[in-house]
Amino acid sequence: SDVIQEEFAQGFQMELETIKSFFESKSESLDNEKVSYFFQKLPSHYFKGAGYESFLHLTSKVGNQELCLNLIKNGAEINAKNSDEITPLMRAASNGCEKVCLFLIEKGAEVNSKDSNGKTPLMWAADEGHDKLCLVLIDERAEVNAKSSD
């Protein structure tokens, strides 16, 4: 019985890693039916955050706007925070994914949210040298005078 449970856990972990890789892929996309299936089968923290890196975090940081939309349509938390209070918008900003940043803001992402160090999406973009994205975030009402603990 313990051996069967261990084998099941290992199999589930391998499947989960495959799914996470899929969500991190720039070239892949999922239709709503497949995303809905994942929502039904996987623990909610993969979609809601709740201290974990959600699938929306993963797809935001690689700039996969179509998959971000499918996740949001299926109930992914747009302002989910991982254990460092980093949001999907911060992931997109740190990687210079301008279209995904604008999309997330349009869908309700908080442009002035702060992580555990007080960094905002604007600070993430600036730290990585994404000057054009910084201007876009400012146009979207990002606070230019915010301070972090870094």
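Structure's up top.
Here's what I pulled together on the structure shown here. Values in this document were obtained by computation on a predicted structure and should not be read as measured data.

Along the protein, the regular secondary structure elements total nine helices and zero strands. The N-to-C order of helical and strand elements in the protein reads α-α-α-α-α-α-α-α-α. Residues counted as buried form 43% of the 150 residues belonging to the protein. Nonlocal contacts in the protein, meaning residues at least 24 apart in sequence, comprise 67% of its contacts between residues at least 6 apart. When the accessible surface of the protein is split by element, carbon and sulfur atoms take 47% of a total near 8400 Å².

Each aromatic ring pair is specified by the distance between its two centres and by the angle formed by the two planes. Scanning the entire structure with this criterion turns up zero aromatic pairs. Taking the ring centre of tryptophan 124 as reference, the NZ or CZ of lysine 119 above it sits at 4.0 Å.

Further remarks concern the pattern of salt bridges. Taken as a whole, this structure holds two salt bridges when the rule is applied. The partner of lysine 132 in a salt bridge is glutamate 98, and the shortest N-O contact between them spans 3.4 Å. Pair noted here: lysine 132 is in helix α9 (residues 131-139) and glutamate 98 is in helix α7 (residues 98-106), with a separation of 34 residues, a long-range link. When its relative accessible area of 58% is taken as the criterion, lysine 132 is described as exposed. Accessibility expressed as a relative area gives 23% for glutamate 98, which makes it partly exposed. Of the charged contacts, one joins lysine 119 and aspartate 127 as a salt bridge, the two residues approaching to 2.7 Å between their closest N and O atoms.

Moving on, we get to the packing of α7 against α9. Running from amino to carboxyl end, α7 crosses α9 at an angle of 15°, the nearest separation of the two axes being 10 Å. Classified by the angle between their axes, α7 and α9 sit roughly parallel to one another. As α7 runs across α9, the sense of the crossing is right-handed. From α7, Glu98, Cys101, Leu102 and Ile105 reach across to α9, where they touch Lys132, Leu133, Val136 and Leu137. Class assignment for the residues of the contact of α7 with α9 results in six nonpolar, no polar and two charged.

Rules used in this analysis
Residues numbered from 1 in each chain as written. Predicted model: local features only at pLDDT ≥ 70, side-chain atom pairs only at ≥ 80, totals over all residues. Heavy atoms only, no water. Helix = DSSP H or I, 4+ residues; strand = E, 2+ residues; numbered from the N terminus. Buried < 20%, exposed > 50% of the residue type's maximum accessible area, 1.4 Å probe, protein only. Contact = heavy atoms within 4.5 Å. Areas by Shrake-Rupley, 256 points an atom, 1.4 Å probe, with all protein chains shown as cover. Phe/Tyr/Trp six-rings, centres within 6.5 Å; stacked < 30°, edge-to-face > 60°. Lys NZ or Arg CZ within 6 Å of the ring centre and 35° of its normal. Salt bridge = Lys/Arg side-chain N within 4 Å of Asp/Glu carboxyl O. Axes fitted to C-alpha atoms, helices over the stretch in contact; angles between N-to-C directions. Parallel < 35°, antiparallel > 145°, perpendicular 65-115°, else oblique. Left-handed = near helix turned anticlockwise from the far one by under 90°. Nonpolar A, V, L, I, M, F, W, Y, C, P; charged D, E, K, R; others polar.

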